[in-house]
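# Descriptive analysis of the structure
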Amino acid sequence: MKLALIGAIIGLVLSISWTVWGFWTAIGILLTTAIFAIIGLVLDLIGFSFKGIVNKLSAKLAE
């Protein structure tokens, strides 16, 4: 059920963006979203977290 809802929302956003901005802009929005989703997935898989980076940075600044 959740995947059907997500698919419906994606379809709605795609059709609205296609109608409002045109075909190529809608494709650009989809590609940009997919690229950033893939980057987020890769960073999640390697264990990157902003909290860890902030902790390391604050520890180095405190030295």
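Above this text is the structure in question.
This one's a predicted model, so the numbers in the text were calculated from it and none came from an experiment.

## Looking at the environment of Phe48
Relative to the helices and strands, Phe48 is located in the loop between helix 2 (23-45) and helix 3 (50-62). Residue class for Phe48 comes out partly exposed when judged on its relative accessible area of 35%.

## Description of the packing of aromatic side chains
In total, this model carries two aromatic pairs according to the counting rule given. A ring pair is formed by Trp18 and Phe23, whose centres lie 5.0 Å apart and whose planes are at 55°; its orientation type is tilted. Here Phe23 falls in the partly exposed class, since its relative accessible area comes to 35%. Look at Phe23 and Trp24: their rings are 4.9 Å apart centre to centre, the planes differ by 75°, and that puts the pair in the edge-to-face class. Since its relative accessible area comes to 70%, Trp24 is described here as exposed. Here the aromatic residues Trp18, Phe23 and Trp24 are joined through ring pairs into a cluster of three or more.

Scoring rules and cut-offs
Here the residue index of a chain counts from 1 through its sequence in written order. Where local features are concerned, this predicted model is filtered to residues with pLDDT of at least 70; where side-chain atom pairs are given and counted, the filter is 80 or more; whole-chain, interface and lining totals use all residues. Water and hydrogen atoms play no part in the side-chain values, which are based on all heavy atoms of the structure. Working definition: helices are DSSP H or I runs of at least four residues, strands are E runs of at least two. Numbering for both runs from the N terminus. The buried label goes to any residue with under 20% of its type's maximum accessible area, the exposed label to any with over 50%, and the partly exposed label to all in between, with areas taken from a 1.4 Å probe on protein chains only. Within 6.5 Å between ring centres, the rings of Phe, Tyr and Trp (the latter by its six-membered ring) count as paired, and their orientation is classed by plane angle as stacked under 30 degrees, edge-to-face over 60, tilted in between.

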